[in-house]
Amino acid sequence: MSAAQKLVRNITANWVGFAVRALVAFFLTPFVLAKLGPVQFAVWAVVLSLTGYYGLFNLGFRASLTQYLTRYLALEDYDQMNRSASTGFFSCLCVGVVVMFVSITLALIAPFVFDIPPELVSEVRWAIVIVGGGAALQFPFYVFTSVFPSTQRYDLSNLIGITIRIAQAAAIVFALVQETGLVGVAVAVFVTNLLEYVIRWRVALRILPQLSIQWSLVALGSFREFISYGLWNSVINGATLIITQSDLILIGIMLPVAAITPHALAAGLMGQVHGLLVPAASVFFPIATHLHAKEKSDALAQLFLHGSRFLFCISALAVCVGVYHAAAFFQLWIGDENIDPDFVSPATIFAVLAAATLVGAGKRIGNQVLMGAKRLRVLACLTTTEAICNIVFSVVFSLRYGLIGIAYGTLVSAFLVSSIGNATAVCRYLDISAYRYVTTVIIRPIIFSFAIWMTCSMLDSVLPAPSSWTWLVARGAIVCLFAIPLLFWVGFDRSDRKRFEPVLRKFRLEGIVA
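A brief structural summary.

Criteria and cut-off values
- Note that residues are indexed from 1 along each chain, following the sequence as it is written.
- Local features in a predicted model are, by the rule used here, given only for residues with pLDDT of at least 70; side-chain atom pairs are given and counted only at 80 or more, and totals for whole chains, interfaces and linings are based on all residues.
- Only hydrogens and water are set aside; all other atoms, that is, all heavy atoms of the structure, feed into the side-chain values.
- For the purposes of this entry, the term helix denotes a DSSP run of H or I that reaches at least four residues, the term strand denotes a run of E that reaches at least two, and both are numbered from the N terminus.
- Here the globule rule reads 2.2 Å times residues to the power 0.38, and the radius of gyration is calculated from C-alpha atoms.
- Categorising residues by exposure relies on relative accessible area from a 1.4 Å probe, with only protein chains included: less than 20% of the type maximum marks a residue as buried, more than 50% marks it as exposed, and the intermediate range marks it as partly exposed.
- Any two residues whose heavy atoms approach within 4.5 Å are treated as being in contact.
- Note on areas: Shrake-Rupley with a 1.4 Å probe; residue coverage comes only from the protein chains shown.
- Positive: Lys, Arg. Negative: Asp, Glu. His and the chain ends are not part of the count.
- By convention, charge coordinates are those of NZ in Lys, CZ in Arg, CG in Asp, or CD in Glu.
- Whenever a carboxyl oxygen of Asp or Glu lies within 4 Å of a side-chain nitrogen of Lys or Arg, that contact is scored as a salt bridge.
- Any N or O atom pair separated by 3.5 Å or less is treated as a polar contact, with the protein-specific requirement of one donor-capable and one acceptor-capable atom, and with residues adjacent in sequence counted only for side-chain atom pairs.
- Pairing of aromatic rings covers Phe, Tyr and the six-membered ring of Trp, with a centre-to-centre limit of 6.5 Å; geometry is then stacked below 30 degrees between planes, edge-to-face above 60, and tilted otherwise.
- Only Lys NZ and Arg CZ are tested; either one counts as a charge over a ring when it is within 6 Å of the ring centre and within 35 degrees of the ring normal.
- Only residues above 30% relative accessible area that lack a salt bridge enter a patch, with like-charged residues linked at up to 9 Å and the nonpolar side chains Val, Leu, Ile, Met, Phe, Trp and Tyr linked at up to 5 Å.
- Every axis in this analysis is a line fitted to C-alpha atoms, fitted for helices over the stretch in contact. Angles between the N-to-C directions lie between 0 and 180 degrees.
- Every angle not falling under 35 degrees, over 145, or within 65 to 115 is termed oblique; those three ranges are roughly parallel, roughly antiparallel and roughly perpendicular.
- For a crossing to be left-handed, the near helix must be turned anticlockwise from the far one by less than a right angle; the clockwise case is right-handed.
- Following the grouping adopted for this structure description, the nonpolar residues are Ala, Val, Leu, Ile, Met, Phe, Trp, Tyr, Cys and Pro, the charged ones are Asp, Glu, Lys and Arg, and the polar ones are all others, Gly among them.

**With respect to the overall build of the protein chain**
Reasoning step 1: Scanning the protein chain for helices and strands turns up 20 helices and zero strands.
Reasoning step 2: For a compact globule of 514 residues, the expected C-alpha radius of gyration is about 24 Å, and the protein chain comes in at 24 Å, within 12% of that figure.
Reasoning step 3: In the protein chain, which comprises 514 residues, the proportion classed as buried is 50%.
Reasoning step 4: Long-range pairs, those at least 24 residues apart, make up 83% of the contacts in the protein chain with a sequence separation of at least 6.
Reasoning step 5: As displayed, the protein chain offers around 24,100 Å² of accessible surface, 68% of which is attributable to carbon and sulfur atoms.
Reasoning step 6: Across the protein chain, the 34 positively charged side chains and the 24 negatively charged ones have centroids separated by 11 Å.

**Thoughts on the pattern of salt bridges**
Once their charged atoms are close, side chains differing in charge can pair, the charge on each being opposite to the other.
Reasoning step 1: Within this structure, the stated rule accounts for six salt bridges.
Reasoning step 2: D155 serves as the salt-bridge partner of R9, at 4.0 Å between the closest nitrogen and oxygen. Placement of the pair is R9 in helix α1 (residues 3–52) and D155 in helix α7 (residues 154–177), with a sequence separation of 146 residues.
Reasoning step 3: Under the relative-accessibility criterion, D155 is labelled partly exposed at 22%.
Reasoning step 4: Among the salt bridges present, the one from E386 reaches K363, with a minimum N-O distance of 3.6 Å. Of the two residues, E386 is situated in helix α15 (residues 376–401) and K363 in helix α14 (residues 362–372); the sequence distance between them amounts to 23 residues.
Reasoning step 5: When salt bridges that share partners are traced, they join R9, R153 and D155 into one network.

**Details of the side chain of Q80**
Reasoning step 1: Looking at the element boundaries, Q80 is found in helix α3 (residues 78–113).
Reasoning step 2: The class for Q80 is buried, based on a relative accessible area of 16%.
Reasoning step 3: A polar contact of 3.1 Å, which involves the side chain of Q80, links it to the side chain of R83.
Reasoning step 4: Q80 has contacts with Y72 and S222, leaving out every residue within four places of it along the chain.

**Remarks on unusual backbone geometry**
Reasoning step 1: You will see that Q152, though not glycine, has its phi angle at about 60°, which is positive.
Reasoning step 2: Among the structural elements, Q152 can be located in the loop between α6 (147–150) and α7.
Reasoning step 3: For E295, which is not glycine, the phi torsion reads 60° and is therefore positive.
Reasoning step 4: Topologically, E295 is positioned in the loop between α11 (284–293) and α12 (297–334).

**Overview of the packing of aromatic side chains**
Reasoning step 1: Taken as a whole, this structure holds 17 aromatic pairs when the rule is applied.
Reasoning step 2: Between Y401 and Y408, the ring centres sit 5.6 Å apart and the planes meet at 90°, which makes this aromatic pair edge-to-face.
Reasoning step 3: Assessed through its relative accessible area of 43%, Y401 is described here as partly exposed.
Reasoning step 4: Overall, the relative accessible area of 30% leaves Y408 in the partly exposed class.
Reasoning step 5: Ring geometry for F488 against W489: centres 5.3 Å apart, planes inclined by 90°, an arrangement best described as edge-to-face.
Reasoning step 6: Joined through ring pairs, the aromatic side chains of F89, F90, F141, F144, Y197, W201 and W215 make up one cluster.
Reasoning step 7: Above the plane of the ring of F148 lies R200, whose end atom (NZ or CZ) is 5.5 Å from the centre.
Reasoning step 8: It is R202 that lies over the ring of W201; its NZ or CZ is 4.9 Å from the centre.

**Re a nonpolar patch on the surface**
Reasoning step 1: On the surface, a cluster of nonpolar side chains totalling about 730 Å² of accessible area is made up of V97, F101, I104, L108, I109, F112 and V113.
Reasoning step 2: Among the structural elements, F101 can be located in helix α3.

**Some thoughts on the packing of helix α9 (residues 220–254) against helix α16 (residues 403–430)**
Reasoning step 1: Between α9 and α16, the least distance of the axes is 10 Å, while the angle of their chain directions is 150°. Classified by the angle between their axes, α9 and α16 sit roughly antiparallel to one another. The two elements α9 and α16 cross, and the hand of that crossing is right-handed. Mapping the contact onto sequence places D247, L250 and I251 in α9 and L403, I406 and T410 in α16.
Reasoning step 2: The residue makeup of the contact of α9 with α16, split by class, is four nonpolar, one polar and one charged.

So far we have only geometry, and geometry alone does not tell us how the molecule works.
Here is the structure:
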């Protein structure tokens, strides 16, 4: 299988996985709410929120495992790969034990911290212990989970994930029908998660039979590698969390509480757009790590340039379609009567946030290149700078422009750091001139964006405004169909077209691109 075919397979698999998880959550949530009732549902949300923070305990070990498994696999250094895997396994096992103790502690103190009805205290304690136990078991299995991206088998990873998510939804439905309450739901989550860990373990050993976990292979040098890489990765994740979560906190501090709603609605929709872009970018990480390990700097530069242009084009399509139909989406979703006329509309806020996503699209591949090349200190500095700029600019602009000023702050910080700063850092590292970057990465996506926007405008002039979900989805699908040949002829250059023609023929799209 060619590199282009692997890339398309992995991106498609990630998108399908994202879509299935979104659909399961969309249909399962109202059922769970109806069966548990608002009080128990709220308590269950608290349980998930508490255990959701356990990811902070991994100290970046998961990213470290993927980095070093991919690196030593590329070098065919299986001895060092197994030393890294064994060190990571036993390190994460220790973290899992800590997480289990934390779960027990949280179960004991939760009723005193949260206003939990007395009749639910016992259920909540058991639910926290059970779900926390499942989270604790996840840590030692990180090494097997990391095999899938390291070997670029995102298709198998998503197949397992989709199967388990559907099975988990069925188990939760069964538990609720049997009226087992929070404990039953927690057991359903625990059992299906454990099943997923075991399946990933067995499949990982089939994919990578050279993998061997032994206590005798644990090495202090590998542990130092993990800590060094993982801590910087934790800084990056923390700064990213500030970027994504600080807006609502600033609004709550500086503006009336009611102003949170339109921004939260816009940010929620923007999160779905990110759900399309992040899976597409993540598949470049093992490729970048492989190329860096092989010291193929020219190929790494090509990956950055062509991957960034691809992500810019995909971002442009998602942003243009989203912005053009945002007003109709919010009208159908929440209704005009629920939009406070005292504040700027969610559709307007979404447009500004979408612009921030678009100008910062290039950083997604740049981040993967910097992580793959172990340039985490540079990436941590960039991400921290953006987090600080996001807060400062949001505060300054909100004083002048009110609610929309918060979104302006996100846009300006994304342009200065995600767009200019990230591109400058990566181009300097890969010895790419500014002229080459602009002509290769920027020009075609701008033309592609204009073409997509004109397509939306022409459809708007000949088709009625969307008045139902079916018609809204149909309009978006029509634009995407027009976008396929535009992407091929405008977004791609000659080398891209030559590289992806076999892939398109495989999917029987010769007529579109001929």
